[in-house]
Amino acid sequence: MIERWSRDQVLALAPDAASQKAAAGAGAPAKWSGTGALPDVVWGECKGSGATPYRACVDLSEPAYKCSCPSRKFPCKHVLGLLLLWATGEVPDGGEPAGWADEWLRQRRERAEKQEEAKATREPRSPNGPADGPGDGPAAGSATSAQRETRVTAGLSELERWLADQIAHGIAGTQQTGLADWAELGRRLVDAQASGVAGAVARLPRLLREEHWPGMLLGEYALIHLLAVAHRRTAELPDPLRDTVRSRVGFPVSRESVLASPRLRDTWDVIGSRDEEQDRLVARRVWLQGRATGRAALVLSFAPIGQVLDASLVTGMTVDAELAFYPGSSPLRALVAETHGTSARTAAAHRACRPPGMRLTRVPALIAGVLAGDPWTDSWPVVIGGVVPARDALLDEEGNGLPLHPEGGVPWRLLAVSGGHPVTVAAEWTPRGLRPLTVWDEEDQAVRL
């Protein structure tokens, strides 16, 4: 028996809202013929405007998609429609894949085998890489690194002086002069190659829309000042905190070095995701929680607006995988280094299963520990069990509550799923309140919020 995705899990794969809407029409059973499903694959033919039906196939173990239509969207509406049919039990189990589907799957397996063979035979590379010219190699890299350190140090020293001036003269006139001041400060920090701090400054204008902006602004200034001072005193910090400070300042950490670090294997629940636009890019934030370890993880992916984002981790999935975490004192961001088993992983990845949730009263202590390690944390995933949603809070049976983020409005869908009864909710903690991500209904199906 194939464990099927929910409708929400399928629609989460859509590249945009228009594709989600079109998928509903493409998912009409009358349009499809020759459909079938095995543990790793779903296939079928969809009648379109032409004489020849569109052939759609999905490799569920990635997932990966194939369709003969000319759409540039990926996955297209036909693939999404096929998955919606499969999710609602309209695709029969068993049988042999159509010849065209079998050929596509065979080619995928052959490419994967060749990649594994190439990986196994590849010679280890020098940590410093090849020296291809007089300006390359360890000496040049060391000089470039030293130059950046000097520029960042000078830029953050100037930032400390700027912040001292702001406090000395007061912030009463910030609503009139703040935007121009912050824009100029941000440009200087970018020139100093302190991109992380520049990003923190770029987020300050949104505070001016808040009723209590003076107190919030002082809090942000304090965190920025703390980061500048921490960078100045990095030699005195323990290694994990030093890694956190450098990351927050804007020093990059290579993907290779992360993958070379110790890995953590667990059965990971995909508890939620959120897309947001950042400087002509779309960033996808996917949160996971380990079944055995209880460890939280964040997997990030980026794509230009309109392009396809990584859709291999779908809310509600459970996957056996090894994660490699970026260094830090409260490590959260991670890379999926390796998944284990194709058939077993497919079966495990798509079963409806409610993740274990903590008691609501444990959340403050958890966040306090996170902030003790990384005071600049502004987001952390939590799964809370046995809570009853209200219009502006999550409540437990004893009447304890945690507020919801005010910008989220009334969580009507969450209220509808719960029906006034206790549910398990995954949420993104922020300093201003929780952002609900997912709720599990009475059948243990994940409902994206």
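Here we summarise the structure given alongside this text. Since the structure is predicted, the reported quantities are computational estimates derived from the model, not experimental observations.

### Overview of the overall build of the protein
Then comes step 1: Summing up its helical and strand segments, the protein has 13 helices and 15 strands in all.
Then comes step 2: Rg of the C-alpha trace for the protein: 25 Å, near the compact-globule value of 22 Å for 449 residues, within the 12% margin.
Then comes step 3: Taken along its principal axes, the extent of the C-alpha atoms in the protein is 75 × 65 × 45 Å.
Then comes step 4: Sorting the 449 residues of the protein into buried and exposed places 43% on the buried side.
Then comes step 5: Across the protein, every contact between residues at least 6 apart in sequence was considered, and the portion connecting residues at least 24 apart equals 63%.

### Notes on the environment of Ala324
Then comes step 1: Here Ala324 lies in strand E8 (residues 318-325).
Then comes step 2: Look at Ala324 and you get buried, because its relative accessible area is 0%.
Then comes step 3: A sequence separation of 60 residues divides Ala324 from Leu264, and the C-alpha atoms of the two residues are 6.5 Å apart.

### A look at the sheet that holds strand E5 (residues 263-278)
Two strands in a sheet stick together by hydrogen bonds in their backbones, pointing the same way (parallel) or opposite ways (antiparallel).
Then comes step 1: Pairing is antiparallel across the open sheet formed by five strands, whose spatial order is E7-E6-E5-E8-E9. On the outer flanks of this sheet lie strand E7 (296-304) and strand E9 (334-339), each paired with one strand and no other. Shown here is a sheet whose adjacent strand axes are inclined to one another by a mean of 45°, direction ignored.
Then comes step 2: Sheet topology places E5 next to strand E6 (residues 281-290); ten bridges connect them, and they run antiparallel. Across the sheet, Glu276 pairs through a bridge with Ala283, a residue of E6.

### Considerations on the pairing of strand E1 (residues 32-38)
Then comes step 1: Bridge count for E1 against strand E2 (residues 41-46) is five bridges, and the pairing is antiparallel. Across the sheet, Leu38 pairs through a bridge with Val41, a residue of E2.
Then comes step 2: Linkage of E1 to E2, two consecutive antiparallel strands, is achieved through a turn of two residues.

### With respect to the packing of helix H6 (residues 174-191) against helix H7 (residues 195-202)
Then comes step 1: Packing of H6 against H7 brings their axes to within 8 Å, and their N-to-C directions diverge by 170°. In terms of their interaxial angle, H6 and H7 are classed as roughly antiparallel. Two secondary-structure elements touch here, H6 through Trp182, Leu185, Gly186, Leu189 and Val190 and H7 through Val197, Ala198 and Val201.
Then comes step 2: Of the residues assigned to the contact of H6 with H7, the class counts are seven nonpolar, one polar and no charged.

### Details of unusual backbone geometry
Then comes step 1: Geometrically, the link from Phe74 to Pro75 is a cis peptide bond, its omega value of 0° lying close to zero.
Then comes step 2: Tracing the sequence through the fold places Pro75 in the loop between strand E4 (64-67) and helix H3 (77-87).
Then comes step 3: One non-glycine residue with positive phi stands out, namely Gln193, at about 65°.
Then comes step 4: Looking at the secondary structure, you find Gln193 in the loop between H6 and H7.

### Some words on the side chain of Thr315
Then comes step 1: Looking at the element boundaries, Thr315 is found in the loop between E7 and E8.
Then comes step 2: Those residues in contact with Thr315 that lie beyond four places of it in its chain are Gln9, Val270, Ile271, Gly272, Ser273, Thr438, Ala446 and Arg448.

### What to know about the nonpolar core
Then comes step 1: Grouped together as the largest cluster of nonpolar side chains are 43 residues, with contacts concentrated most on Leu13, Val79, Leu83, Trp86, Trp268 and Leu288.
Then comes step 2: The element contributing the most residues to this core is H3, with eight residues.
Then comes step 3: Residues contacting Val79, with those up to four places away along its chain left out, are Ala56, Val58, Tyr65, Lys66 and Cys67.
Then comes step 4: In terms of nonpolar packing, the next biggest core, distinct from the first, is built from 30 residues, Trp287, Leu360, Val370 and Trp380 among them.

### Notes on the pairing of E4
Then comes step 1: Bridge count between strand E3 (residues 54-59) and E4: four bridges; the pairing is antiparallel. The residue of E4 that forms the bridge with Val58 is Tyr65.

### Observations regarding the side chain of His231
Then comes step 1: Locating His231 in the fold gives a position in helix H8 (residues 213-232).
Then comes step 2: Residue His231 is classed as buried on the basis of its relative accessible area of 6%.
Then comes step 3: In this structure, His231 is in contact with Glu149, Val152, Thr153, Leu156, Val245, Val249 and Phe251, ignoring residues within four places of it in sequence.

### Remarks on the packing of aromatic side chains
Then comes step 1: Counted by the stated rule, this structure contains three aromatic pairs.
Then comes step 2: Measuring from centroid to centroid gives 5.8 Å for Trp162 and Tyr221, while their planes differ by 90°, and the two rings are edge-to-face. Of the two residues, Trp162 is situated in helix H5 (residues 138-169) and Tyr221 in helix H8; the sequence distance between them amounts to 59 residues.
Then comes step 3: Both rings, one in Trp268 and one in Phe325, keep their centres 6.4 Å apart while their planes meet at 50°; by these two values the pair is tilted.

### Quick notes on the sheet that holds E1
Then comes step 1: Ordered by their spatial adjacency, four strands build an open sheet running E1-E2-E3-E4, and the pairing between neighbours is antiparallel. The outermost strands of the open sheet, each flanked by one partner alone, are E1 and E4. Neighbour to neighbour, the strand axes of the sheet diverge by 10° on average, direction disregarded.
Then comes step 2: Against the sheet, H3 contacts E1, E2, E3 and E4, and its axis sits at roughly 65° relative to E3.

### Observations concerning empty space enclosed by the protein
Then comes step 1: Summed over all chains, the structure comprises two cavities of 30 Å³ or more.
Then comes step 2: Within this model, the second largest cavity holds a volume of roughly 30 Å³.
Then comes step 3: Along the walls of the second largest cavity sit Thr153, Leu156, Ser157, Glu160, Ala228, His231 and Arg232, which together make up its complete lining.
Then comes step 4: Of all the elements in the fold, those that place two or more residues in the lining of the second largest cavity are H5 and H8.
Then comes step 5: In terms of residue class, the lining of the second largest cavity is built from two nonpolar, three polar and two charged.

### Considering the state of the cysteines
Then comes step 1: Considering all chains together, one arrives at zero disulfides under this definition.
Then comes step 2: No disulfide involves Cys57; its sulfur sits 10 Å from that of Cys67, the nearest cysteine.
Then comes step 3: According to the relative accessible area criterion, Cys57 is buried, its value standing at 0%.
Then comes step 4: Cys76 forms no disulfide, and the closest cysteine sulfur to it belongs to Cys67, at a distance of 3.6 Å.

Criteria and cut-off values
Residues numbered from 1 in each chain as written. Predicted model: local features only at pLDDT ≥ 70, side-chain atom pairs only at ≥ 80, totals over all residues. Heavy atoms only, no water. Helix = DSSP H or I, 4+ residues; strand = E, 2+ residues; numbered from the N terminus. Rg over C-alpha atoms; globule rule 2.2 N^0.38 Å. Buried < 20%, exposed > 50% of the residue type's maximum accessible area, 1.4 Å probe, protein only. Contact = heavy atoms within 4.5 Å. Pairing = 2+ DSSP bridges. Axes fitted to C-alpha atoms, helices over the stretch in contact; angles between N-to-C directions. Parallel < 35°, antiparallel > 145°, perpendicular 65-115°, else oblique. Nonpolar A, V, L, I, M, F, W, Y, C, P; charged D, E, K, R; others polar. Core = buried A, V, L, I, M, F, W, Y, C linked by side-chain atoms within 4.5 Å. Phe/Tyr/Trp six-rings, centres within 6.5 Å; stacked < 30°, edge-to-face > 60°. 1 Å grid on protein atoms, 1.4 Å probe; cavity = no way out; pocket = protein on both sides within 12 Å on 5 of 7 lines; lining within 4 Å. Points joined across faces, edges and corners; volume = space filled by probe spheres on them. Disulfide = S-S within 2.5 Å.

Note that all results are geometric; they support no functional claim without further evidence.
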